Every structure is written in C-alpha cells, then in structure tokens.
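Residue-level structural notes
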Amino acid sequence: MSSPRHALGPSRFERALRSSVVLYVVLLVMLPLVVLVGFGLSDGPASFCERLMAPAARSALWLTLWTALLVGTLNTFLGAATAWVLVRYRLPARAVLSALVDLPLAIPTLVAGVMLAILYGPGSLIGSSFHAWGLDIVFARPGIVLALLFVTLPFVVRAVEPLLSEIDPAEEEAAIVLGAGPLRRFFTVFFPAILPAAISGGIRSLGRALGEFGSIVVIAGNIPFKTLTAPVFIFGEIESGAPKTAAAVSTFLLLFALGLHAAARMLERRTGVRRAAG
Amino acid sequence: MFYLGAVLVCPMAALVVETGHIGIGVALAAVAKPAALSALRMSLVLVVIALVANALVGTFGAIALVRHRFWAKGLLSALCDLPLAVSPVMIGLAFLLLLGRGGLLTPLLDTIGVKVVFSFPGLVIATLFVTLPFTIREIAYVLEEIGQSEEEAASTLGASPWQTFFRVTLPNIRIALGYGLLMTAARTLGEFGAVLVLGGSISGQTQTATTFIQDAIEERQLPDAYGMVLVLGITSVTLLLGLEWIKARRQATTTGKALK
C-alpha cells in the first residue's frame, strides 16, 4: 500500500491498483464529458452558435448566467459576513448555526426546493403578503435566486471561516490602539486576509448555481422565456428528443463551469484554502 | 442571522407545519405505499453500492494521489474534483450520448447484453459519478496533513505494506473516510438530475426517492410528495448531525496532535 520503500518504488500490485483507480476515474468522468463536448461541437462552430442563439436557448442561458452571477456576488458578501458573525461572536446557538450552514450540503436540493416553495409559495403567509405588494417569489425569478442562495450558502462561509479564526487578535488590537474604527478595522485587518478565499468561494457558488437543477425544477415554474433556466431547458430538450440542442447548451455551460472550476482551484492552491465539499 | 433564518430555518419549519396540515400520519402512510417503498429501497441500494465503491476508490485513490509519483497524477487529481463542477443534467446527457441509442459504447453493451439507460446500471453509474470526489478528497487532504513519517517508521521496523496500511494508514484516515462516506450517502440520497435523465424514473423499477417526489408533485399527489420529503429531510438532518460530530472529533484530534 502506502509503502515507503522509495528505493524499490511501488510494488507491482500497488501499481496495478493505482492503474485501476486511474482507469476507473477516466472511464467514469473523462470519457462521458469528452463525448458530450464532442457531440455538442460535432456539427461545426456555426451550427453550435446557431443552436445557442435560438431564442429559447438564448433566453434560458441568459437567465442562468445572470442569476448565477448575482448569487455568486451576493454570496461572496453574505457568506463572508455570516462567517464573520460565526467566528467573531460567541453566540449562544453557535454550534447549531454552524451546523445549519452545512445543511445545504446534506439535504437533497429537490427537498430544499419543496421547502422553499411551501414557505414562499402563494399559499403561505409570506408568499401571499409579497403577492399583495406585487412581488411573486415562487414560480418567478426571485424564487430562482432564493433557491440558488440556499444551495450555495456553505461555499463562501466554509472557505472563509478557517482564515478568519487564524487571524492573530494582536493585529486587530494594534488597529484599535492606532485608533481605527470597526469599519476601518474590518477593511484593513480582516478583508485582505479573507479576500482570496471569499472570491474562490464566490466562484464555486457561481459554478454551482450554473448547474443547479433539483431545487429550480420545483420552485421556478419553468415557464419558457420567463423562468426556464438552462439546466431545465437542457432537460426539456433531452425529453423532447433534441439531443443536439441539449448538447450544444450543455457544452457551452460545461466549458464555462470548467473554466471557473480551474480558476477556483488555482486560487485555492495559492492560498491553501480548503473548500466545502459539495 | 436574519439571513440564515430566511434561507435555512424557516423553510424547514414551513415544511413541518405544512405536513402537519395534511397530517403527519397521512403523509407517513403515503410513504408506506408500495411505489414509495420501492423508490426508497432503490435509493438505499444505491447508497450501499456508492459507499462500498467509494470506500475502496477513495482510500486507494487518495493513497496513490498523495504517496505516489506517476505520470497520470495531475490528471487523476483534476478528474476527481470535476464532478462537483458539472450539472447533474449534463452528467445524465453525457452518459445518454455514451451509452444510449447510437452511443459510442452501445454496441459493446449490446454484445454483452447489458442495458444501462433507463435501467438499474444507469442509476449506479450516475450515482458513482456524482459521489466520486467526497472520500478521495477528504482522505487525500488528511494523508497530506499527517505526512509519511509514521508509515516510514512502521516499515523500518519491518512491517509489510499491508501491515503498515492496516495498522498505521487506515487508523489515521478513519475519520476522514467516515466523513467522506457520510457525504457520499447524503449526496446519493439527494441526487436527482442525473438519475432522472439516465434512469427515467420508471415507477417500481428506476424510481428513486427524489424522482418519486418529483412525480408525486407533477401528479398533484401532495401527501405522497410531502411524506417522502419529510423522510428525506429527517434522514439528511441525521446525516448532518453525524457530519458535525465527526467534525468536532476531528478538531479535537488535530488540536491534540498539535499539542504533542
């Protein structure tokens, strides 16, 4: 196994084991994705663009892009603030709150969607009062943003938290002695320390939001040109037997997500941040 | 904190209240129906398969990733991370294109007589894809942290590779393995998009707990849907408690090690 017999190198058995793991991962992960991209681009770039620019596809992609971007940005700040509160203040229910932050990692996103739909839906107190003000949440765009905020909540919080707790209290004390107010302290002491982690967490949220399906299906209502997101659009195209369009939109989103993924990985490697799994 | 409440706590409370309206008894009775039970059983079978597969792949993969030097290391590391970045629907589509009608590997599947799409093997493949990262990443992280000196000591003292593995490496990665496996279980129970596309949600055959909920909502069978939502919700909260417990333990052991 993990034998440290460096001089001899790994035994034949270890090498066989290693190769089977590599083969397993290549067959399971790489092959299907390569096939997907290959199929998506198989008719040449012109028809690829044409499929992406068809009105229904374009509006779904646009909706997904802007909601994901919004959620990624919001999450960077709200997540950093949440982590700040969790680390900095000894709240009574701190353990419970900290566990709650992990909840979206454990709960099925479909279940999350159902819960949000019940809470903010037209039948509920909150949903109906918002409706009275002319704002629908469920089966409308705010519901999409809400669901995305739910499923991406842990990413920034968990990326930022370890860094916040590692900051030397002496630094903040020095800032106090030098006469810096709380806001100035936040921006000079804490903000620079957590910025890379917050950004990589934000990128993760954005990437995750691009692909979210389970909760959106329940809460968005999936009305074409209004609340139909790209993943749900892809699903619809698969169901209605249009794999070419589905593959084109998938390829576009996949390449975008892979770019984000690579960027986040690079940032994490440089800062030594460990990201929330999920 | 208001934010956490609005996004996390209230929805859970709303679910409980709403199920209370229908009657928890009614909702739970709905879950006892044959279709619901078979969906639950399917999900559990998938969990077992995913746990076994990922315990093995995670352990050996992480050891290879951290302790070995070989040409495919960077590739392995990148690929193990990748499933987290891919939308479940796209995973389903990718496997449809690979294994479905006219797919690259379909002739091969036909000759050995295995049907993957819209059948059980499809669910397994989709599940294995989405759960790949959890064990391997957790274990790799811990292996890197603890370094190699204990293993080297064991082998200097004459332990065989297997003895070193079972007496030194495995106890060291136990907690990480447990954490990864709990995440694997949670993710398997919650997977929806990929098993829907690849499995087709055929009642009694390829329907899992999540696709059962979706079908129940579409058919306006709300008690069925809420009953299953409640079951999954309670299960995931239980898994979450397990995760938090492991986290607390891990913190205790790492501070213990730092003090030494």
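Just above, that's the structure.
Let us look at the structure shown here. Along each chain, the written sequence defines residue order, and numbers are assigned to residues from 1. Chains and ligands are labelled by the order in which they are written, letters from A for the one and numbers from 1 for the other. Local features are withheld for residues below a pLDDT of 70 in this predicted model, meaning they are given only at 70 or higher, and side-chain atom pairs are given and counted only at 80 or more; totals for whole chains, interfaces and linings count all residues. Neither water nor hydrogens contribute to the side-chain values; these are computed over all heavy atoms in the structure.

This part takes up the overall build of chain B. Helices and strands together make up the secondary structure of chain B, namely 12 helices and zero strands. Counting from the N terminus, the helices are DSSP H or I runs at least four residues long and the strands are E runs at least two residues long. Reading chain B from its N end, one meets helices and strands in the order α-α-α-α-α-α-α-α-α-α-α-α. In terms of overall dimensions, chain B has C-alpha extents of about 65 × 55 × 30 Å along its principal axes. For chain B, the residues scored as buried account for 56% of the 260 residues in total. Accessibility here uses a 1.4 Å probe with only protein chains present; expressed as a share of the type maximum, an area under 20% marks a residue as buried, one over 50% as exposed, and anything in between as partly exposed.

Below, the discussion takes up the interface of chain A and chain B. Each side of the interface is counted separately: chain A has 76 residues, and chain B has 83 residues. Salt bridges are identified by distance alone: a Lys or Arg side-chain nitrogen within 4 Å of an Asp or Glu carboxyl oxygen. Inspection of the region where chain A meets chain B yields two salt bridges. Notably, a salt bridge pairs Asp102 of chain A with Lys247 of chain B, separated by 2.7 Å at the nearest N-O pair. For this analysis, a polar contact is any N or O atom pair within 3.5 Å, provided that within protein one partner can donate a hydrogen and the other can accept it, and provided that sequence-adjacent residues contribute only side-chain to side-chain pairs. Between chain A and chain B we count five residue pairs in polar contact (both at pLDDT 80 or more) in total. When contributions to the side of chain A that touches chain B are tallied by element, the ones reaching two or more residues are α1 (12-41), α3 (55-88), α4 (94-106), α5 (109-120), α7 (141-166), α10 (214-219), α11 (230-239) and α12 (243-271) of chain A. Tallying contributions element by element places α1 of chain A first for the side of chain A that touches chain B, with 18 residues. In the scheme used here, Gly and all other residues not listed as nonpolar or charged are polar, with Ala, Val, Leu, Ile, Met, Phe, Trp, Tyr, Cys and Pro taken as nonpolar and Asp, Glu, Lys and Arg as charged. Residue classes in the side of chain A that touches chain B are distributed as 57 nonpolar, 11 polar and eight charged. Contacts are residue-level and defined by heavy atoms, with any inter-residue pair within 4.5 Å sufficient.

Moving on, we come to α11 of chain A. Most of α11 of chain A is tucked away: eight of the 10 residues are buried. Buried residues along α11 of chain A sit against α3, α9 (182-211), α10 and α12 of chain A together with α5 (88-99) and α10 (193-199) of chain B.

This structure, assessed with the given rule, holds 12 salt bridges over all chains. Across the pair Arg204 of chain A and Glu268 of chain A runs a salt bridge, and its minimum N-O distance is 3.1 Å. With a gap of 64 residues between them, Arg204 of chain A in helix α9 and Glu268 of chain A in helix α12 connect regions that are remote in the sequence. Pair check on accessibility: Arg204 of chain A and Glu268 of chain A agree, each one buried. A salt bridge links Arg137 of chain B to Asp81 of chain B, with the nearest nitrogen and oxygen atoms 3.2 Å apart. Remark: Asp81 of chain B occurs in helix α4 (residues 73-81) and Arg137 of chain B occurs in helix α7 (residues 120-146); sequence separation between them is 56 residues. Classification of Asp81 of chain B as buried rests on a relative accessible area of 7%. Several salt bridges share partner residues, and in doing so they unite Asp102, Arg158 and Glu161 of chain A together with Lys247 of chain B into one network.

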